[in-house]
Amino acid sequence: MTPYELTLVHNVYLSVVLIVCAFGNSLTIISVMKYEKLRNATNFIIVSLAFSDILYSVLGTPLYSAVNLSFYSLTNETFPTWKTACYVSKANNLCGVTGNIFNILLIAIDRFIYITYPLRYQVLVSTRRVTLLIAIIWIGSILSSILSVVLSEGIEFGTECETNEVVDKIFSIAFQTPIFLLVTIIIIILYCKIGYLAWKTSKQIAAISKKITTDGDEASGGPPKPELKRNKVTKM
């Protein structure tokens, strides 16, 4: 297959994923916005996560596909427009990915607080605080994507609109990679603690249940004894 045909097949696959992703995430957002009972702090984070998926898939993927397909018919006159579209595509994708990973971190923190401090959860995780954190996440994501484009000015293009050719390598190594790794490590630690707490709680519940059963048997004089079957004596 030629490079153009490979790109075309790849873009068809992305289109299918795009439709599924857009449908599922749109249902999530509509459900939370429509039903008042679903409008709580946790679901607002889920809506923000769904929006980041839509931003990446519905807006970023079609533009990325169009840019890569048009690469094979570039001319000197159309190259500046293509280059701008490539920058916009990568900035949009970077914004969506950054928002996505930080929203996942926020969900992990939310679940950790819910399990660790159940009695104080409503106080610690208020709608106002969650809304503020979501706003900070999206402001940071937008600034990060803009900064990547600003630092990428002057980069020479040799092939398709790929991340390693558009985003400045120094920016990627010094800023993006360490932050994404740190966030991933924090998420893993939080979910490991959640798993440990769940296991510890289940063991405590099992021990308490066993103790209650034992105390109940002792109070009633022990467990009921099985009745002995009487042997029938046959008279000769």
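Residues numbered from 1 in each chain as written. Predicted model: local features only at pLDDT ≥ 70, side-chain atom pairs only at ≥ 80, totals over all residues. Heavy atoms only, no water.

1. Looking at the overall build of the protein
Per the secondary structure count, the protein includes 7 helices and 0 strands. Secondary structure elements in the protein, listed N-terminal to C-terminal, are α-α-α-α-α-α-α. Buried positions account for 31% of the 236 residues belonging to the protein. Contacts in the protein between residues at least 24 apart in sequence constitute 76% of all its contacts with a sequence separation of at least 6. Total accessible area computed for the protein in this model is approximately 16,000 Å², and 69% of it derives from carbon and sulfur atoms. (Helix = DSSP H or I, 4+ residues; strand = E, 2+ residues; numbered from the N terminus. Buried < 20%, exposed > 50% of the residue type's maximum accessible area, 1.4 Å probe, protein only. Contact = heavy atoms within 4.5 Å. Areas by Shrake-Rupley, 256 points an atom, 1.4 Å probe, with all protein chains shown as cover.)

2. Quick look at the environment of Leu14
You can see Leu14 is positioned in helix α1 (residues 3-34). Overall, Leu14 belongs to the buried group, its relative accessible area being 18%. As a C-alpha pair, Leu14 and Ser57 span 43 residues in sequence and 8.5 Å in three-dimensional space.

3. Things to note about the confidence of the model for the protein
Predicted coordinates in regions of low pLDDT should not be interpreted in detail. Looking at the protein, pLDDT values average 78 and 70% of them are 70 or higher. Per-element mean pLDDT across the protein ranges from 54 in helix α6 (residues 163-166) up to 88 in helix α4 (residues 121-124). (pLDDT = per-residue confidence, 0-100.)

4. Things to note about a nonpolar patch on the surface
A grouping of Val12, Val16 and Val20 is seen on the molecular surface, where their side chains present a nonpolar patch of about 270 Å² in accessible area. Tracing the chain through its elements places Val20 in helix α1. Given the relative accessible area of 57%, Val20 is considered exposed. (Patch = residues over 30% accessible without salt bridge, like charges linked within 9 Å, V, L, I, M, F, W, Y side chains within 5 Å. Salt bridge = Lys/Arg side-chain N within 4 Å of Asp/Glu carboxyl O.)

5. Regarding the pattern of salt bridges
Oppositely charged side chains can pair when the atoms bearing their charge come close. According to the stated counting rule, one finds 1 salt bridge in the structure shown. The salt bridge partner of Asp110 is Arg111, with a shortest N-O separation of 2.7 Å.

6. Some points on the packing of aromatic side chains
Considering all chains together, one arrives at 3 aromatic pairs under this definition. Pairing Phe51 with Trp138 gives two aromatic rings, centres 5.4 Å apart and planes at 75°, and the pair type is edge-to-face. Within this pair, whereas Phe51 is found in helix α2 (residues 41-70), its partner Trp138 is found in helix α5 (residues 127-151), the two being separated by 87 residues in sequence. You can call Trp138 buried: its relative accessible area is 13%. A ring pair is formed by Tyr196 and Trp199, whose centres lie 6.1 Å apart and whose planes are at 35°; its orientation type is tilted. Of this pair, Tyr196 and Trp199 both sit in helix α7 (residues 169-219), 3 residues apart, roughly one helical turn. Under the relative-accessibility criterion, Tyr196 is labelled partly exposed at 47%. If you follow Arg111 out to its NZ or CZ, it ends over the ring of Tyr114, 4.8 Å from the centre. (Phe/Tyr/Trp six-rings, centres within 6.5 Å; stacked < 30°, edge-to-face > 60°. Lys NZ or Arg CZ within 6 Å of the ring centre and 35° of its normal.)

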